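If you want the building blocks of each chain, they are given just below.
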Amino acid sequence: MVDIDAYRERARAWLDSQAAAFGHAARRGLSVAEDLALGRRWQAAKHDAGYAGISWKKEHGGQGLGPLQKLAFEQEEMKHGFPNTYFAVSLGMPVPIMLRYLPDGWKQERARAALRGDEIWCQLFSEPAAGSDLAGLRTRATRDEATGDWIINGQKLWTTWAQHADYGVIVARTDPTVPKHKGLTYFWVDMKAPGVTVRPVKLAEGSSHVNEVFFDDVRISDAQRLGPVGGGFGVAMETLVIERYSATDPAGFGPPLALLIEQAKTDQVRGRPAIEDGRVRERVARTYAIQNGLAAIHKKSLLALEAGLQPGPEGALHKLVSVRTRQKLSEFAIDLKGVSGLRWDGDGERKDDWVASWISAPTGRIAGGADEMLLNTIAEKILGLPQDHRPDKGVPFNAIAQ
Amino acid sequence: MSLLYDEAQQQIATEAARVLDDAYSGERLKALLEAKGAYDQEFWKTCSEQGWTAVALPEEYGGLGLGLVELGLIAEACGGVACGAPFLGSSHAAAQAILRFAGEATKAEWLPRFAGGEAKGAIGFADAQDMLPVAPSLQLSNGRLNGVKPAVSGGGAADLAVVLASGEHGPVLALVVLDQTNVTRTLVDTFDNSRVTADLAFDGVEAIALSGDGLEAARTILCLQAVVTAHEQVGGAQKMLTAARDYALTRKAFGQPIGAFQSVKHRIAEDYVLVELARANAQHAAVHADHPEFGRYAAAARLSATEAYDTVSRDATQVHGGIGVTWEADMHLHQRRARTLAIEIGNMIFWEDALVDALAEAA
Ligand SMILES: Cc1cc2nc3c(=O)[nH]c(=O)nc-3n(C[C@H](O)[C@H](O)[C@H](O)COP(=O)(O)OP(=O)(O)OC[C@H]3O[C@@H](n4cnc5c(N)ncnc54)[C@H](O)[C@@H]3O)c2cc1C
């Protein structure tokens, strides 16, 4: 039995000691470049203190601990608003998957650089015409029969932090004559290679952390392939479940309910403290019940993990419920402020600013599995209900009506 | 105590479900709907034979010394079959009131009888819309009760009631034996008659005042009862969820199972979410029965269980189409029970207020 509580205590004490230098207050007013630089230093500090790659194998440069320690650390880290966002995708999926597939040597160098924040990897899956339906992607990789190299052409979209990325993992179509899932192959690419163009996409919330990425005759060697030719969809699915054990937040990565309660004591409705108003009370109570339920489900799955059981499919439920609850609560909190709710704080953080939380909530309901896809997952994987009607099932990709 | 059920607890749950499923008869339950004042005596016998009445009472009074977690699991199984009597929860609440707030003699007299299932208890706190009245209309003075408690669940057949009355120094809980002269029980026709709901009128009836602040004590008992009831609601909601899922897999329309239509499929997935949140809240509250914040956990359990059972039984009926709205189908048993459990021990508004008061005080 591992002593998680002691681990958590140590992590918390260390994180507290770092908050002034790297936390929320230290980030106020920084440009994106400055914030990224601070983020890299933060990642290096974590690495030096033994808090990078917590659940990774030692031979990959990690700490060789389990998911429980990783989760404990992430939950504590979340409280301070550290600049860790630049590395979440990188260390969450692309680097761990390439560590599984590539030969020793080079990959350890990359892993170490990624763990220290010196290098960043991105994940090039989605495209303009392929998001939820990932297998419908169109980026082509064609074989140069003379050299065995692959030539990549096409466009990716929504690639998080591609503008800062050194490397990426990509799924491309290598055979359009077979049904869509079967004609895909998985590679890693050098984002600085000739023919790769990255253009940031500005999001509704004002920031530009996603990009469109164009590939024009980008040549890569066959040694950059992960898994078999035609096996790319399977590797993509494997990539997406690596982050199964990641920290959840019953508040959906928005402000805690306690913040609303505090405000409702001073804000007024009809000349009385808002907390006395029935509509406010209903909202607070219902939200508490939802978040408390999510927290209990999460606690239960941690205990199951500790007991050596496999985690269940509760992740889909958690994401679905927590983010839309955060979205509605944020709307409500802004509402309560009346016209002063219109104010915008450019430095507002979604964990403690209702407007920042509200304006960025829609991305949370799309990225990493849209609500509707999560409902499909619950219905099909947990309840055993039938798949949707899929007219493209079994049809060769090049014969599907585009 | 852990949020993961141990082997013994799982066994209790499996065994309870097996016994109740074997004995289930939708026909018997439907007959009870039309028999004001009757309840499912077979079910109640099962509760005592299986030791369920004893589960959460201390061994020194003939109980099994287990707790809310185990009783909750049994209540969940009872909820799944829309059991035909309210006494598992109401008797436990009455017994807890005695255990916590009565003198030794009273405990020794009544608790073994509750544990053995010979005594049935009822809880009468509310005055019409007011679940916990600050100034109850029922009066207790000189050890005598005068006045009325309306619509007491189980009141038509219980042996003993715990009522909230106005005493000489404010609200007080009182224990009153119902089989005595000057107690008038008027059965109420309800949409869920196996609850044997009755108006209780007292005309100078002897009663024992329990210790402690009456409102605080009543709140404590309600929270315990809320957690047992939340499990019952989860059991009912789960039953309706399974019914909806099964029907969606077999019923075909437009050339495919109706479960392949997303408006049906996603509705059932949303219902699953409600049931899982309610289950987690109920279990979490049961495990934290002795926690200083038990009150808010119980309220959360109550709110999400009520929402889950109401919603899922409504949705499951919809998924069944025309067949779902017949007397013959058992869906309405659950719709009735969902509404009954939603209000018997305090409606949503009551529990929302209880929860927000607790949260705002702490914040
Ligand atoms: C902030 C952000 C960061 C992202 N980062 C990355 C990244 O780093 N790498 C990457 O590869 N991708 C990334 N994505 C892309 C993300 O995975 C996709 O946006 C997502 O999968 C949805 O795809 P889409 O945008 O094409 O929407 P669509 O798939 O076109 O969906 C549009 C709508 O249709 C619904 N819909 C689709 N199919 C069904 C169905 N079968 N049943 C019911 N409804 C359906 C969806 O739920 C949605 O509401 C990111 C997205 C965002 C917003």
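If you're wondering where the values come from, they're calculated on a predicted model, not measured in any experiment. (Residues numbered from 1 in each chain as written. Chains lettered and ligands numbered in written order. Predicted model: local features only at pLDDT ≥ 70, side-chain atom pairs only at ≥ 80, totals over all residues. Heavy atoms only, no water.)

### Describing the overall build of chain B
Then step 1. The helix and strand tally for chain B stands at eleven helices and ten strands.
Then step 2. Taken over C-alpha atoms, the radius of gyration comes to 20 Å for chain B, in line with the 21 Å a tight globule of 363 residues would show.
Then step 3. Taken along its principal axes, the extent of the C-alpha atoms in chain B is 75 × 45 × 35 Å.
Then step 4. With 363 residues in all, chain B has 59% of them scored as buried.
Then step 5. Summed over its atoms, the accessible surface of chain B is roughly 14,000 Å², and 50% of this surface lies on carbon and sulfur atoms.
Then step 6. Taken together, the 27 basic and 46 acidic charged side chains of chain B have centroids lying 6 Å from each other. (Helix = DSSP H or I, 4+ residues; strand = E, 2+ residues; numbered from the N terminus. Rg over C-alpha atoms; globule rule 2.2 N^0.38 Å. Buried < 20%, exposed > 50% of the residue type's maximum accessible area, 1.4 Å probe, protein only. Areas by Shrake-Rupley, 256 points an atom, 1.4 Å probe, with all protein chains shown as cover. Lys, Arg positive; Asp, Glu negative; His and termini not counted. Charge placed at Lys NZ, Arg CZ, Asp CG, Glu CD.)

### Observations regarding the environment of valine 264 of chain B
Then step 1. In this fold, valine 264 of chain B is placed in helix H8 (residues 262-287).
Then step 2. Between the C-alpha atom of valine 264 of chain B and that of valine 319 of chain B, which follows or precedes it by 55 residues, the distance is 7.0 Å.

### Considering the domain arrangement of chain B
Residues and elements named next belong to chain B.
Then step 1. The domain architecture assigned to chain B consists of domain 1 (7-115), domain 2 (121-213) and domain 3 (216-362).
Then step 2. Summarising the inter-unit geometry, the C-alpha centres of domain 1 and domain 2 are found 21 Å apart.
Then step 3. On the domain 2 side, the residues contacting the 23 residues of domain 1 number 23 residues.
Then step 4. Each partner contributes to the roughly 1,800 Å² buried at the junction of domain 1 and domain 2, and carbon and sulfur atoms together form 70% of this total.
Then step 5. Of all residues in domain 1, the largest losses of buried area upon contact with domain 2 belong to Lys36, Pro86 and Phe101, amounting jointly to 30% of the total for that side.
Then step 6. Applying the counting rule to domain 1 against domain 2 returns zero salt bridges.
Then step 7. Put simply, domain 1 and domain 2 have four residue pairs in polar contact (both at pLDDT 80 or more) between them.
Then step 8. Of all elements in the fold, only helix H2 (26-33), helix H5 (87-101) and helix H6 (104-116) reach the threshold of two or more residues within the side of domain 1 that touches domain 2.
Then step 9. Considering every element that reaches the side of domain 1 that touches domain 2, the biggest residue donor is H5, with eight residues. (Domains from an automatic or database assignment. Contact = heavy atoms within 4.5 Å. Buried area = accessible area lost by both parts, 1.4 Å probe. Salt bridge = Lys/Arg side-chain N within 4 Å of Asp/Glu carboxyl O. Polar contact = N/O pair within 3.5 Å; in protein donor to acceptor, adjacent residues only side chain to side chain.)

### Notes on the environment of leucine 124 of chain A
Residue and element names in this part refer to chain A.
Then step 1. Note on placement: leucine 124 falls in strand S1 (residues 121-124).
Then step 2. With a relative accessible area of 0%, leucine 124 lands in the buried category.
Then step 3. Through-space distance from the C-alpha of leucine 124 to that of glutamine 155 is 9.4 Å; in sequence the pair is 31 residues apart.
Then step 4. What leucine 124 contacts, discounting residues up to four positions off in sequence, is Lys156, Thr159, Gly168, Val169, Ile170, Val171, Val189, Met191, Val213 and Phe215.

### Considering the site of the ligand
Then step 1. Taken together, 18 residues lie around the ligand, and Ser132, Trp158, Thr160 and Glu372 of chain A together with Gln262 of chain B are the ones closest in.
Then step 2. With respect to the ligand, the backbone of glutamine 123 of chain A contributes an N or O atom lying 2.8 Å from a nitrogen atom.
Then step 3. Side-chain polar atom of glutamate 372 of chain A to an oxygen atom of the ligand: 2.7 Å apart, as the coordinates give it.
Then step 4. Protein contacts shield 70% of the accessible area of the ligand, which totals 970 Å² for the unbound molecule.
Then step 5. Of all the elements, helix H13 (residues 371-382) of chain A adds the most residues to the shell around the ligand, at three residues. (Near = heavy atom within 4 Å.)

### A few points about the packing of aromatic side chains
Aromatic ring pairs are reported here in terms of the distance separating the ring centres and the angle at which the planes meet.
Then step 1. Under the defined criterion, the tally for this structure stands at 21 aromatic pairs over all chains.
Then step 2. Ring geometry for tryptophan 44 of chain B against phenylalanine 87 of chain B: centres 5.7 Å apart, planes inclined by 65°, an arrangement best described as edge-to-face. With tryptophan 44 of chain B in helix H3 (residues 41-49) and phenylalanine 87 of chain B in helix H5, the pair connects residues that are 43 residues apart, well separated along the chain.
Then step 3. Members of the aromatic cluster, connected to one another through ring pairs, are Tyr7, Trp14, Phe22, Trp42, Tyr51, Phe73 and Phe82 of chain A.
Then step 4. Arginine 173 of chain A extends its terminal NZ or CZ atom over the ring of phenylalanine 397 of chain A, reaching a point 3.5 Å from the ring centre. (Phe/Tyr/Trp six-rings, centres within 6.5 Å; stacked < 30°, edge-to-face > 60°. Lys NZ or Arg CZ within 6 Å of the ring centre and 35° of its normal.)

### Points about helix H12 (residues 354-364) of chain A
Residue and element names in this part refer to chain A.
Then step 1. Along H12, the residues classified as buried are Trp354, Val355, Ala356, Ser357, Ser360, Ala361 and Gly364.
Then step 2. In this fold, the buried residues of H12 make contact with helix H9 (257-266) and helix H11 (314-336).
Then step 3. The residue sitting at the N-terminus of H12 and contributing the capping side-chain oxygen is aspartate 353; that oxygen lies 3.0 Å from the backbone nitrogen of valine 355.

### As for the packing of H5 of chain B against H6 of chain B
Residues and elements named next belong to chain B.
Then step 1. Contact geometry for H5 and H6: axes closest at 10 Å, N-to-C directions at 155°. Between H5 and H6, the angle is such that the two are roughly antiparallel. The way H5 lies across H6 gives a crossing that is left-handed. Only Thr106, Lys107, Trp110, Leu111 and Phe114 of H6 make contact with H5, whose side of the interface consists of Ser91, Ala94, Ala95, Ile98 and Leu99.
Then step 2. Of the residues that constitute the contact of H5 with H6, the class distribution is seven nonpolar, two polar and one charged. (Axes fitted to C-alpha atoms, helices over the stretch in contact; angles between N-to-C directions. Parallel < 35°, antiparallel > 145°, perpendicular 65-115°, else oblique. Left-handed = near helix turned anticlockwise from the far one by under 90°. Nonpolar A, V, L, I, M, F, W, Y, C, P; charged D, E, K, R; others polar.)

### Describing the confidence of the model for chain B
Then step 1. On average, chain B scores 97 in pLDDT, and the residues at 70 or more come to 99%.
Then step 2. We note a pTM of 0.95 for the whole complex and an ipTM of 0.96 for its interfaces. (pLDDT = per-residue confidence, 0-100.)

### Thoughts on the interface of chain A and chain B
Then step 1. Contact with chain A, which involves 39 residues of that partner, is made by 41 residues of chain B.
Then step 2. Here chain A meets chain B over a buried area of about 3,400 Å², counting both sides, of which 68% is carbon and sulfur.
Then step 3. Between chain A and chain B we count six salt bridges in total.
Then step 4. Of the charged contacts, one joins glutamate 380 of chain A and lysine 265 of chain B as a salt bridge, the two residues approaching to 2.6 Å between their closest N and O atoms.
Then step 5. Counting the contacts that link chain A with chain B gives 17 residue pairs in polar contact (both at pLDDT 80 or more).
Then step 6. Examining the composition of the side of chain A that touches chain B, we find that 17 residues originate from one element, helix H10 (residues 278-306) of chain A, more than from any other.
Then step 7. Here the residues of the side of chain A that touches chain B sort into 22 nonpolar, six polar and eleven charged.

### Let's talk about the nonpolar core
Then step 1. The biggest cluster of nonpolar side chains holds 160 residues, and the ones touching the most others in it are Phe125, Leu145 and Phe202 of chain B.
Then step 2. Broken down by element, this core gets its largest block of residues, 17 residues, from helix H7 (residues 214-250) of chain B.
Then step 3. The residues contacting leucine 145 of chain B, other than those within four sequence positions of it, are Leu138, Gln139, Leu140, Val163, Ala165, Ala174, Val176, Phe202, Asp203, Gly204, Val205 and Ala207 of chain B.
Then step 4. Grouped together as the second largest cluster of nonpolar side chains are 51 residues, Ile120, Ala172, Phe187 and Val189 of chain A included. (Core = buried A, V, L, I, M, F, W, Y, C linked by side-chain atoms within 4.5 Å.)

### Structural notes on the side chain of serine 357 of chain A
Residues and elements named next belong to chain A.
Then step 1. Among the secondary structure elements, serine 357 is positioned in helix H12.
Then step 2. Side-chain polar atoms of serine 357 contact the side chain of serine 330, separated by 2.7 Å.
Then step 3. Those residues in contact with serine 357, other than ones at most four positions away along the chain, are Gly254, Pro255, Arg326, Ser330 and Arg350.

### Thoughts on the pattern of salt bridges
Then step 1. Summed over the entire model, instances satisfying the criterion amount to 52 salt bridges over all chains.
Then step 2. Between aspartate 249 of chain A and lysine 351 of chain A there is a salt bridge; the shortest N-O distance is 2.6 Å. Taken together, the residues aspartate 249 of chain A in the loop between helix H8 (232-242) and H9 and lysine 351 of chain A in the loop between H11 and H12 connect sequence positions 102 residues apart.
Then step 3. Between arginine 18 of chain B and glutamate 15 of chain B there is a salt bridge whose closest N-O contact spans 2.8 Å. Of this pair, arginine 18 of chain B and glutamate 15 of chain B both sit in helix H1 (residues 7-23), three residues apart, roughly one helical turn.
Then step 4. Under the relative-accessibility criterion, glutamate 15 of chain B is labelled partly exposed at 33%.
Then step 5. What emerges from the salt-bridge pattern is a single network uniting Arg8, Glu9, Arg12, Glu76 and Lys79 of chain A.

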